[in-house]
Amino acid sequence: MKLKWGIIGCGGIADRRTLPGMMLASNAEPYAVMDANPEAAERCKEKYGAKYAFTNYEDVLALSEVDVVYIASPVFCHKEQALAAAKAKKHIFLEKPMGLSIEETREIVDACEKAGVKLGIGFMMRYHAYHQAMKKVIADGLIGDVVSMRAQFTCWYPDIPNNWRQDKTRSGGGALMDMGIHCIDLLQYISGLEAVECTGYAHTQTFGYTADDSSAIVMKMNNGALALVDNNFNIPDAAAKCPLEFYGTKGSMIAVGTLSQDEGGSVEVLVSGDAAGYDAQQNRSLVEPMKLEVTFGNMYTKEIEAFTNSVINDTEPPVNGKNTMRVHEIIAAIYTNGGGKL
């Protein structure tokens, strides 16, 4: 069984990643595509074998055959389009961030709940094979109780005229909103912990746009662990390692190259067993690292199949508005007050 998807905003990430992933899905197919640029809409219609191409999202929502809509438009369009989709009783798969503000985000979640439609959020990195394996390592207690975590995700994103992501009024934020959102989500998801307090900075240091090009935050988790997240639009891609790190009372787990739009990278696990007494020499060479072995796939295919299955089986989507709300609350707290209790 394949559900018919309508794509709202078929350029950008939809064309680069999600639609190619959807073409590999066993239970979903692109049925109608929409983009404000008519050439882009027609090109995607031909490229992915869709039946319809539109320049207005209302035309997608008017199709009774469409079961699910994927909203991949710029963030400033999300609220209007998501509320309209919910009103039209279409299940919604929405790219992150959900909205420009925490108020918009809550309004979208509430509208979907009221309309009785499923809401899935595009945190595709949860489906990375390594991130799934890392979650199991922690759940199995291999590195003990988590006491410290860190995620760094950066890129080089210089001034581009009329770029909506660099305009805070149209994007809701910069490096923290665009890249930090994945880091915050993954630290909570993989560790199984939830942030209860945060503090940090987000500002524009290098470029001339209004969205932040630099951010660093610290979160206090519900078990007392501290988590550091740093994100930048002003670090050259070739200069960044973008690590994802977890430290516990029995060991550590460090991933490099997994924060990406492709499955890849490597993960090294160090397990020391039960903690011994204090070592004044602080010898750090006694444990041989273990490398996690996984089978890579396509994160976008996996997230599409998972959400479609939730619609078919009438179950809660694994990545939904409610279980990603804390991520949006953290970002809103940093932008509004520099942090606070959550």
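Values in this document were obtained by computation on a predicted structure and should not be read as measured data. Residue numbers run consecutively from 1 along every chain, following the written order of its sequence. Where totals are concerned, whole chains, interfaces and linings use all residues; where local detail is concerned, this predicted model gives features only for residues with pLDDT of at least 70, and gives and counts side-chain atom pairs only at 80 or more. Here the side-chain values reflect all heavy atoms present in the structure, with hydrogen atoms and water set aside.

Chemist: Looking at this model, I keep getting lost on the pattern of salt bridges. Mind explaining?
Modeler: Note on pairing: side chains with opposite charge can pair once their charged atoms come close. We count a salt bridge whenever a side-chain nitrogen from Lys or Arg sits within 4 Å of a carboxyl oxygen from Asp or Glu. In the structure shown here, the tally under the stated rule is 17 salt bridges. Lys291 serves as the salt-bridge partner of Glu268, at 3.8 Å between the closest nitrogen and oxygen. With Glu268 in strand β13 (residues 266–271) and Lys291 in strand β14 (residues 290–291), the pair connects residues that are 23 residues apart, well separated along the chain. Look at Lys291 and you get exposed, because its relative accessible area is 54%. One salt-bridge network, held together by shared partners, links Arg106, Glu194, Arg326 and Glu329. Segments assigned H or I by DSSP are reported as helices when at least four residues long, segments assigned E as strands when at least two residues long, and all are numbered from the N terminus. Using a 1.4 Å probe on the protein chains alone, a residue whose accessible area is under 20% of its type maximum counts as buried, one over 50% counts as exposed, and one in between counts as partly exposed.

Chemist: For this particular structure, what's the right way to read the pairing of strand β11 (residues 243–248)?
Modeler: Two faces belong to every sheet, and in a regular strand the side chains alternate between them. The element β11 is largely enclosed, with a buried count of five among its six residues. With five bridges joining them, strand β7 (residues 146–154) and β11 adopt antiparallel strand pairing. Following the sheet pairing, Arg150 is matched in β11 by Glu245. Relative to strand β12 (residues 251–256), β11 runs antiparallel, the two being bridged by five bridges. Across the sheet, residue Tyr247 finds its bridge partner in β12, namely Ser252. Only strands that DSSP links by at least two bridges are regarded as paired with each other. From the end of β11 to the start of β12, which pair antiparallel, there are two residues.

Chemist: I would appreciate a short explanation of the sheet that holds strand β4 (residues 68–71) in the present structure.
Modeler: Adjacent strands of a sheet form backbone hydrogen bonds with each other and so pair up, either parallel or antiparallel. The parallel open sheet is built from six strands, whose spatial order is β3-β2-β1-β4-β5-β6. If you trace the sheet from one side to the other, it starts and ends with β3 (52–54) and β6 (119–121), each paired once. The average angle at which neighbouring strand axes cross in this sheet is 25°, direction not considered. Bridge count between strand β1 (residues 3–8) and β4: four bridges; the pairing is parallel. Paired with Ile8 across the bridge in β4 is Ile71. Orientation is described by axes fitted as lines to C-alpha atoms, over the contacting stretch for helices, and by angles from 0 to 180 degrees between their N-to-C directions.

Chemist: Sorry, what's going on with the layout of surface pockets here?
Modeler: Grid spacing is 1 Å over the protein atoms alone, the probe is 1.4 Å, and a cavity is where that probe fits but cannot get out, while a pocket is an open set with protein on both sides within 12 Å along at least five of seven lines and lining residues have an atom within 4 Å of a point. Grid points are joined across faces, edges and corners, and a volume is the space filled by probe spheres set on the points. Approximately 840 Å³ is the volume found for the largest pocket. Lining the largest pocket are 39 residues, with Ile13, Arg16, Trp164, Arg165 and Asp178 sitting closest to its centre. Asp, Glu, Lys and Arg are counted as charged, while Ala, Val, Leu, Ile, Met, Phe, Trp, Tyr, Cys and Pro are counted as nonpolar; the rest, among them Gly, fall into the polar class. Grouping the amino acids of the lining of the largest pocket by side-chain chemistry returns 22 nonpolar, ten polar and seven charged.

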